[in-house]
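Commentary on secondary and tertiary structure
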Amino acid sequence: ASPLAELQRERLQQAAPSFDLPDLRQPWPWRSLLFISALSLAGLAALAFWPAPVPPAVRAIAHSEPVVADPVLTVFSGELIVQPPGYTGLPETVLQTFEASVAEASVLRWSLNLQPQPSAVALQFHDGSELPLQLADDGLWTGERQVLESTFYRFEIVDGPALAEPRSWRIEVVVDKPPKITVIEPERTLTVLDRQQSRWPLRFEVSDDYGLGRANLSITLAQGSGELIEVSERTIRLRGEGDDKSRRYVSDLRLGAYGFARGDDLIVRLSVADNRQPRAQTSRSPSYILRWPTELSAEVGDIDGAVQRVMPTWFRSQRQIIIDTEALLERKGSLSSDAFVSESNDIGISQHALRLRYGQFLGEEAAEVASNPGAEDEHHANDGHDHPEDFFDSKPVFGNAENVLEEYGHTHDYAEATTLFDPKTRSLLKAALDQMWRAEEQLRLGAAQAALPFEYAALKFIKQAQQAERIYVARVGLELPPIDPSRRLSGDTRDLAKPMDRLVAADRDDPVANAWRKLSVSEAEPEPIDAQLLEALDGWVVEQDARLEDGLGLLALSDELRRDPVCSECASRLRQRLWSLLSTPLAAPATRAAAGDLGRSYLRAIGEGESP
């Protein structure tokens with residue numbers, strides 16, 4: 001601002017206190033305010049003492065008895081205490097809900113505070129059992145129960161008002177599983193002993209959900225052959241490395257300490273128990289066999305005691321080929337060159353026939369015939385079957401089943417040739433075929449000395465295949481079911497099937513399909529479902545509970561619908577669950593096609609049709 005303006009402002013400020021300024025504010029309307037306040041208080045007092053309107057139904061009985069509304073029972077507070085079994089090592093848990101997932105054989109304790117207090121309270125379980133609760137001094141309703149399987153329940157009030165929200169509560173039981181055994185070594189169930197081997201290493205890994213108990217290794221020694229088999233068994237306890245829930249068991253068996261000799265079988269099996277109470281669960285591993293094979297010698301039969309050979313008898317002719325070759329080499333000095341080559345070629349033909357027979361079992365006959373046009377005639381000439389003289393020159397005849405089979409298949413071949421052996425045995429037999437081919441080549445050229453190593457190699461692969469294809473039958477005896485002594489020699493045949501019994505038609509009454517059809521009515525016109533259908537459905541669920549994904553949930557839906565038969569929402573949920581459980585309907589027989597004009601003419605001709 002300018003200096004002149006500043007000077008004028010100072011003069012006005014000095015002279016302002018001496019001025020007599022008027023009061024420009026409006027005065028308060030005290031009279032109006034007092035009147036409005038008095039009127040408002042009078043209105044509030046009139047509303048407070050104004051009588052409430054009476055409904056017509058109550059006005060009609062106003063002069064009889066006063067109406068008192070029924071009190072509704074309310075669960076004010078409550079808790080569920082879960083005490084798992086001691087062997088599990090799990091702590092006690094206090095839940096503020098009445099649903100829980102607990103360990104098997106846990107003890108559950110309920111504590112309820114209800115307002116107003118009823119005369120009695122009980123827990124009603126889905127299997128029909130009941131647990132009455134006791135009223136304690138502190139006004140809480142308490143009770144306890146041990147649960148062994150999954151269940152659901154609801155609160156039942158005796159001689160008292162109903163619950164505000166009646167519902168079911170679910171208890172899911174986690175079953176204690178047996179120990180799980182994993183075999184690390186040996187890798188196969190049958191191991192052939194290496195000549196340099198003096199110990200048999202064994203490695204196992206075992207785990208359990210709560211804790212492991214004792215581990216025993218069963219060792220069985222089977223000695224002898226045929227019917228003269230001696231079996232001795234012993235059991236040793238193994239001490240594992242690790243914690244209570246996961247351990248590794250290691251054992252190196254000294255073969256000399258068990259009298260293990262050539263031709264014997266040493267069989268081991270691990271069994272491990274857990275710490276479940278009151279009865280422990282035991283898991284057993286498969287049996288693992290260590291076999292010390294006998295010397296290569298001529299086989300005496302297809303079945304040797306408890307060991308069965310699946311090789312045909314003519315597989316042993318490879319040894320005869322070796323014997324003939326060695327005999328030819330011993331007589332080489334006394335034979336002319338042409339005679340030696342001729343006999344060597346004859347042995348090569350025998351080797352060729354044997355190789356073809358192996359090829360039949362490996363599905364290689366077609367390749368042999370394709371590579372050698374004369375092999376088909378030679379094979380048919382040596383296959384052991386009689387054929388007509390014009391068999392190989394005859395032409396196929398249309399409509400002749402035998403010609404069709406001979407043209408597109410081999411009537412005396414083995415249909416299961418390509419699937420008879422496992423991959424390892426097939427590889428051994430293919431290696432034997434390769435050695436036979438090399439031996440045959442040298443024999444056909446007259447080089448019997450050069451063929452002999454291939455013949456021995458082929459025999460070695462054959463013996464290995466025979467050893468791998470043995471089927472072990474347990475020599476420790478059969479575990480037959482227990483015999484009821486009271487029925488022995490009594491002639492009681494009540495439970496035995498009679499040869500003349502006729503077939504009885506299967507019961508087509510399917511409770512799942514019956515319930516689903518009943519629940520499939522229109523929701524616009526709900527109908528109460530029959531209690532017998534639900535009972536039949538519950539019985540089916542109990543029988544199939546082990547194979548159902550959530551059988552307990554299905555029972556809960558059925559119970560919910562039983563308590564409210566006209567609940568359309570409950571029926572819809574149950575129907576959705578039953579849809580996936582419906583069995584596939586059996587296919588109906590196809591309707592026979594109409595005869596047609598030609599068929600009707602034929603029927604009229606034989607006198608079975610209608611006259612036109």
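Below you will find a few notes about this structure. (Residues numbered from 1 in each chain as written. Predicted model: local features only at pLDDT ≥ 70, side-chain atom pairs only at ≥ 80, totals over all residues. Heavy atoms only, no water.)

**Considerations on a nonpolar patch on the surface**
Residues W28, W30 and L33 make up a contiguous nonpolar surface patch of about 420 Å² in total accessible area. In this fold, W30 is placed in helix α2 (residues 30-48). (Patch = residues over 30% accessible without salt bridge, like charges linked within 9 Å, V, L, I, M, F, W, Y side chains within 5 Å. Areas by Shrake-Rupley, 256 points an atom, 1.4 Å probe, with all protein chains shown as cover. Salt bridge = Lys/Arg side-chain N within 4 Å of Asp/Glu carboxyl O. Helix = DSSP H or I, 4+ residues; strand = E, 2+ residues; numbered from the N terminus.)

**Some points on the pairing of strand β8 (residues 151-158)**
Along β8, 6 of the 8 residues are buried, which leaves the element largely enclosed by surrounding structure. In the sheet, strand β5 (residues 120-125) pairs with β8 via 6 bridges, with the strands oriented antiparallel. By the bridge assignment, Q124 is partnered in β8 with R154. Pairing geometry for β8 and strand β9 (residues 169-174), over 3 bridges, is antiparallel. (Buried < 20%, exposed > 50% of the residue type's maximum accessible area, 1.4 Å probe, protein only. Pairing = 2+ DSSP bridges.)

**A look at the environment of R269**
Within the secondary structure, R269 sits in strand β17 (residues 265-274). According to the relative accessible area criterion, R269 is partly exposed, its value standing at 37%. Distance from R269 to R284, taken between C-alpha atoms, is 7.0 Å for residues 15 residues apart in sequence. Leave out the neighbours within four places in its chain, and R269 touches N216, L217, S218, R284, S285, P286 and S287. (Contact = heavy atoms within 4.5 Å.)

**A closer look at the packing of aromatic side chains**
For the coordinates displayed, the defined rule picks out 10 aromatic pairs. Note on F125 and Y153: the rings are 5.6 Å apart at their centroids and 45° apart in plane angle, and the pair reads as tilted. Residue F125 is located in strand β5, and its partner Y153 is located in strand β8; the two are separated by 28 residues in the primary sequence. A residue is classified by how much of its surface remains accessible, and Y153, at 1% relative accessible area, is buried. Through a chain of ring-to-ring contacts, the aromatic side chains of F98, W110, F125, Y153, F155 and W169 assemble into a single cluster. If you follow R145 out to its NZ or CZ, it ends over the ring of F125, 4.0 Å from the centre. (Phe/Tyr/Trp six-rings, centres within 6.5 Å; stacked < 30°, edge-to-face > 60°. Lys NZ or Arg CZ within 6 Å of the ring centre and 35° of its normal.)

**With respect to the side chain of R154**
By the element assignment, R154 lies in strand β8. The class for R154 is buried, based on a relative accessible area of 18%. Here E156 takes part through its side chain, which lies 2.8 Å from a polar atom of the side chain of R154. The contact partners of R154, leaving out residues within four places of it in the chain, are A122, L123, Q124, R167, S168, D559 and R563. (Polar contact = N/O pair within 3.5 Å; in protein donor to acceptor, adjacent residues only side chain to side chain.)

**Some details on the sheet that holds strand β10 (residues 180-185)**
Within a sheet, each strand pairs with its neighbour through backbone hydrogen bonds, oriented either parallel or antiparallel. Ordered in space as β10-β12-β16-β15, the 4 strands form an open sheet in which the pairing is antiparallel. Among the strands making up the open sheet, the edge pair consists of β10 and β15 (241-242).

**A short note on helix α9 (residues 423-444)**
Helix length check: α9 (22 residues) gives 31 Å between terminal C-alpha atoms against 32 Å at 1.5 Å per residue, within 8%. Turning to α9, its buried residues number three or more, namely T425, R426, L428, L429, A432, L433, Q435, M436, A439, E440 and L443. Just downstream of α9, G446 is the residue with a positive phi angle, here 85°. (Expected span 1.5 Å × (residues − 1).)

**Re helix α12 (residues 531-543)**
With 13 residues, α12 should reach 18 Å at 1.5 Å per residue; the first-to-last C-alpha distance of 19 Å fits that figure. Every buried residue belonging to α12 is among L534, L537, D538, W540 and V541, and all of these are buried. Buried positions in α12, seen along its axis, are confined to an arc of 160° and lie on one side of it. Across from the buried face of α12, at angles greater than 90 degrees, the exposed residues are Q532, E535, V542 and E543. Contacts from the buried residues of α12 go to α11 (511-519), α13 (551-563) and α14 (568-579). (Arc of directions from axis to C-beta.)

That's the geometry; what it means functionally is another story.
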